[in-house]
Amino acid sequence: MMQAYPNNEPDRSVGVETSLRERDQAVIWHPFTQMQTAPLPIPIVRGEGAVLFSEDGNAYIDAVSSWWVTIHGHSHPYIAERIYKQLQTLEHVIFAGFTHQPAIELAERLLPLLPNNQRKVFYSDNGSTAVEVALKMAFQYWHNIGQPRRKVIALEGAYHGDTFGAMAVSGRSAFTAPFVPFLFDVEYIPTPVAGQEQTALDQLQARLSDEVAAFIVEPLVQGSGGMVMYEPDVLDQFISLARRHGVLIIADEVMTGFGRTGKLFASYHLREQPDLISLSKGLTGGTMALGVTTCTQEIYDAFLSEDRYKTLFHGHSFTANPLACTAALASLDLLLADETQAAIQRIVQRHAAFAEALRQKPGIKNMRQRGTILAFDLGADGQTSSYFSTIRDVAYNFLLNEGVLMRPLGNVLYIFPPYCITDEQLDTVYAAVEKLLKYLDQQPASSL
Ligand SMILES: *Cc1c(COP(=O)(O)O)cnc(C)c1O
């Protein structure tokens, strides 16, 4: 046999007999994971409804919707069927100079569901890019109309994604520390949680000027920041205040969209309308990667010109991938079905009842709920709360042992289920949480 480049030949002895965990360890670098100390990942071989099945025969209820994307449960047969059919017809096509039915139909169906000032859909392929596009539209809008504005206002503790622009408008934290010198300047105001509304409003007022291009928010719930919740009323005040200075409002609904807050979009809770909306995560039911940025006619019009320099020069290889658009169409069918809408309300009510039962228990603070998201802080007063606290690891592992996948954000425990979760599965999640609380209560505080 010819062996011209022996050093480039794959070593076929690797990975033949070893487990998936070991093979993973040999070749993969995981997201948000300290690879030296993290336990080996759990190989998942199958998913059905709200349940994930591991290689070693365990089952886990996915109470975080696999990082907030899986709204209809895993391997949904209807979505699978639709994608399969599309796959046999057209898997992908360049989206500049060409178009296709699934992209057009999805835009036609999405726009009427969004606040009624939204007129155009721009496709990308994840939440961070949906935010990047919104930022670029906002900056270039001001550039194109000949009144450049360079400032952005964001909320402290915000999370808008991991690419550079999205990172720049996210709160500064341990996650962004190595990159701070490379991030553009952003002005932060406090998140207007209960008791902080007036301070936040005053600070917004102080920072607003006609140099501010955009104000970006995660409406009503800051996800990665620890499921921090605030009221629609104060966000309405923020928006109308910012509007008085002509500032463009970007609603990052990447996490809050598609029923998560109990309504189809968090913007439904508001009187004011955003100028730009970013969507992803639940968009395809968690099946395929897809991002959407929508905007008003006014923003779109600022890019129309005989002057080619006014073009929005942005795009991705997989922009408007037909399979992803088809998955989104199928997911919308499911989401808008009465059965799913009823399921969302059932989760909302069951969460509320569970919250009421838990409220008086020791070791819990800050019980909060918005729609299908229930969250609270673990740990007695004085215990530190950070993403890196050990209580997080204790809770994570304890719940996994109970067959429930939850991924606390520091000491913030939250339930974020797929809408197809059954009452029985929800009971299992609630029981596991109660068992965890009892266990934590028995630990000496110093051990956490
Ligand atoms: C997850 C998230 C993003 C980033 O989305 P990715 O698809 O992970 O890049 C942006 N904004 C919010 C509010 C998110 O929760």
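Residues numbered from 1 in each chain as written. Predicted model: local features only at pLDDT ≥ 70, side-chain atom pairs only at ≥ 80, totals over all residues. Heavy atoms only, no water.

The name that an unreviewed UniProt entry assigns to the chain is Adenosylmethionine-8-amino-7-oxononanoate aminotransferase, with the source organism given as Larkinella insperata. According to the UniProt record, the Pathway (unreviewed entry) comment for the chain is "Cofactor biosynthesis; biotin biosynthesis; 7,8-diaminononanoate from 8-amino-7-oxononanoate (SAM route): step 1/1." Turning to the chain, the UniProt annotation filed under Cofactor (unreviewed entry) states: "pyridoxal 5'-phosphate". (UniProt positions renumbered as here; feature names shortened; annotations may be inferred.)

1. So, unusual backbone geometry
The phi angle at Trp68 is positive, at roughly 75°, despite the residue not being glycine. Mapped onto the elements of the fold, Trp68 is located in helix H2 (residues 65-68). On the accessibility criterion, Trp68 (5% relative accessible area) is buried. In this structure, Asn366 takes a positive phi of about 60° despite not being glycine. (Helix = DSSP H or I, 4+ residues; strand = E, 2+ residues; numbered from the N terminus. Buried < 20%, exposed > 50% of the residue type's maximum accessible area, 1.4 Å probe, protein only.)

2. Focus: helix H10 (residues 322-336)
Its 15 residues place the ends of H10 21 Å apart at the C-alpha level, agreeing with the 21 Å of an ideal helix rising 1.5 Å per residue. In terms of burial, H10 is a largely internal element, 13 of the 15 residues being buried. Sitting at the amino-terminal end of H10 is Asn321, which places a side-chain oxygen 3.1 Å from the backbone nitrogen of Leu323. (Expected span 1.5 Å × (residues − 1). Polar contact = N/O pair within 3.5 Å; in protein donor to acceptor, adjacent residues only side chain to side chain.)

3. Focus on the packing of aromatic side chains
Two measures describe an aromatic ring pair: the distance that separates the ring centres and the angle between the ring planes. For the structure shown, the criterion picks out 14 aromatic pairs. When the centroid spacing of 5.9 Å and the interplanar angle of 80° are considered together, the rings of Phe164 and Phe179 count as edge-to-face. With Phe164 in helix H6 (residues 164-168) and Phe179 in the loop between H6 and strand S6 (187-189), the pair connects residues that are 15 residues apart, well separated along the chain. Judged by relative accessible area, Phe164 falls into the partly exposed class, the value being 44%. With a relative accessible area of 30%, Phe179 lands in the partly exposed category. (Phe/Tyr/Trp six-rings, centres within 6.5 Å; stacked < 30°, edge-to-face > 60°.)

4. Description of the site of the ligand
Surrounding the ligand, one finds Trp68, Asn126, Gly127, Ser128, Tyr159, His160, Gly161, Glu218, Asp252, Val254, Met255 and Lys281. Taking Asn126, its side chain carries an N or O atom lying 3.3 Å from an oxygen atom of the ligand. Between the ligand and the protein, one listed contact pairs an oxygen atom with a side-chain N or O atom of Lys281 at 2.7 Å. Residues that form the shell around the ligand fall into these classes: four nonpolar, five polar and three charged. (Near = heavy atom within 4 Å. Nonpolar A, V, L, I, M, F, W, Y, C, P; charged D, E, K, R; others polar.)

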